[in-house]
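Here is what each chain is made of, one letter per residue.
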Amino acid sequence: MQDQRARLDWRAGDVPVSRQYEDPYFSLDDGLAETRHVFLEGNDLPGRFCDGFHVAELGFGTGLNMLVVAEAWAAHGAPGTLHLTSFEAHPMDAADMARALAAFPALAPRAARLLAGWENGAARIDLGDGARLAVIAGDARQTLPRWQGRADAWFLDGFAPARNPELWEPALLASVAAHTRPGGTAATYTAAGHVRRALAEAGMDVTRTPGYGRKRHMTRARMPQ
Ligand SMILES: C[S@@+](CC[C@H](N)C(=O)[O-])C[C@H]1O[C@@H](n2cnc3c(N)ncnc32)[C@H](O)[C@@H]1O
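Residues numbered from 1 in each chain as written. Predicted model: local features only at pLDDT ≥ 70, side-chain atom pairs only at ≥ 80, totals over all residues. Heavy atoms only, no water.

### Thoughts on the overall build of the protein
Within the protein one finds seven helices and eleven strands. Dimensions of the protein, computed from C-alpha atoms along their principal axes, come out at roughly 40 × 40 × 35 Å. Residues counted as buried form 53% of the 225 residues belonging to the protein. A fraction of 70% describes how many contacts in the protein between residues 6 or more apart in sequence connect residues 24 or more apart. (Helix = DSSP H or I, 4+ residues; strand = E, 2+ residues; numbered from the N terminus. Buried < 20%, exposed > 50% of the residue type's maximum accessible area, 1.4 Å probe, protein only. Contact = heavy atoms within 4.5 Å.)

### Structural notes on the nonpolar core
In terms of nonpolar packing, the biggest core is built from 70 residues, with V55, L58, L84 and W154 touching the most fellow members. Looking at this core, the element that brings in the most residues is helix α2 (residues 64-76), giving eight residues. (Core = buried A, V, L, I, M, F, W, Y, C linked by side-chain atoms within 4.5 Å.)

### A few points about the pattern of salt bridges
On inspection of all chains with the given rule, the structure shows 13 salt bridges. We note a salt bridge from R110 to E71, for which the minimum N-O separation is 2.7 Å. On the criterion of sequence distance, the pair formed by R110 in helix α4 (residues 108-119) and E71 in helix α2 is long-range, its members being 39 residues apart. Judged by its relative accessible area of 9%, R110 is buried. Looking at E71, the relative accessible area reads 28%, which means it is partly exposed. (Salt bridge = Lys/Arg side-chain N within 4 Å of Asp/Glu carboxyl O.)

### As for the side chain of E88
As for its placement among the helices and strands, E88 is situated in strand β5 (residues 82-88). There is no salt bridge for the buried E88, and the closest opposite charge comes from R5, which lies 9.3 Å off by N-O distance. A polar side-chain atom of E88 sits 3.1 Å from the main-chain amide nitrogen of F60. (Lys, Arg positive; Asp, Glu negative; His and termini not counted. Polar contact = N/O pair within 3.5 Å; in protein donor to acceptor, adjacent residues only side chain to side chain.)

### A look at the site of the ligand
In the vicinity of the ligand lie 23 residues, with G59, T62, E88, A140 and D157 positioned nearest. At a separation of 3.1 Å, a nitrogen atom of the ligand approaches a polar backbone atom of A89. Bound to the protein, the ligand loses 99% of the 600 Å² it would expose on its own. Within the residue set of the shell around the ligand, elements represented by two or more residues are α2 and β5. Considering only residue class, the shell around the ligand consists of ten nonpolar, nine polar and four charged. (Near = heavy atom within 4 Å. Areas by Shrake-Rupley, 256 points an atom, 1.4 Å probe, with all protein chains shown as cover. Nonpolar A, V, L, I, M, F, W, Y, C, P; charged D, E, K, R; others polar.)

### Describing the sheet that holds strand β7 (residues 131-137)
Strand order in the open sheet formed by eight strands is β6-β7-β5-β4-β8-β9-β11-β10, with mixed pairing between adjacent strands. Looking at which strands have only one partner, the edges of the open sheet turn out to be β6 (124-128) and β10 (205-210). With direction set aside, neighbouring strand axes in the sheet form an average angle of 20°. Sheet topology note: the β10/strand β11 (residues 217-222) ladder contains six bridges and is antiparallel. Looking at β11, one finds that P210 is bridged to H217. Across the face of the sheet, α4 comes into contact with β6 and β7 while running at roughly 165° to β6. (Pairing = 2+ DSSP bridges. Axes fitted to C-alpha atoms, helices over the stretch in contact; angles between N-to-C directions.)

This is a description of form; function is not addressed.
The structure is reproduced here in structure tokens:
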């Protein structure tokens, strides 16, 4: 499956849906609001931002989450650098990414930076205002254990666990925990029991909190200091 490009259908206008996983890349209702609720608020952002803060993500997809966090960083006005690292097994074609991101005009200037870098095949892209993105290609089960970094906040954004079980395997979630700084956090839209148990077994304090939209619960996790 490694190195396979993403294959898409489109639903509700311009929401990309994976043909491989039969699941949408973001909420059909309001992708932006979902990202803010689950991934920003779920990691207590922007309040924790500081120079050198590092956000990591499983599942880069369209880049929407990374653009939203870069936008929040710029609005927060923290000086210095925000590091963004995202892991992706099935890179999306730039034209598809452009179509998906066009639904979010508020992100257009930053999306243009992302797309310019993506079209050139860049692995590192300057998203502006000190936000620096690195996308690590390949199956995260192989690439994350080899990663040298540690994140302050994780966005766990695989497709639904039943459709994309590889991205929720206990060994991978243990690797997430091992790549989290003390006091660092992780958030995900799913409240699946096996995901919460795997994060807890990896040493994180796990809580279930209200989810976005029709999802009753989501999961937040924190690595003790
Ligand atoms: C729900 S989408 C992510 C949406 C994305 N965060 C966004 O802002 O558009 C899930 C992503 O996980 C990726 N993925 C699935 N299995 C993977 C694996 N084993 N390793 C790395 N990425 C994987 C998919 O290709 C897809 O891009």
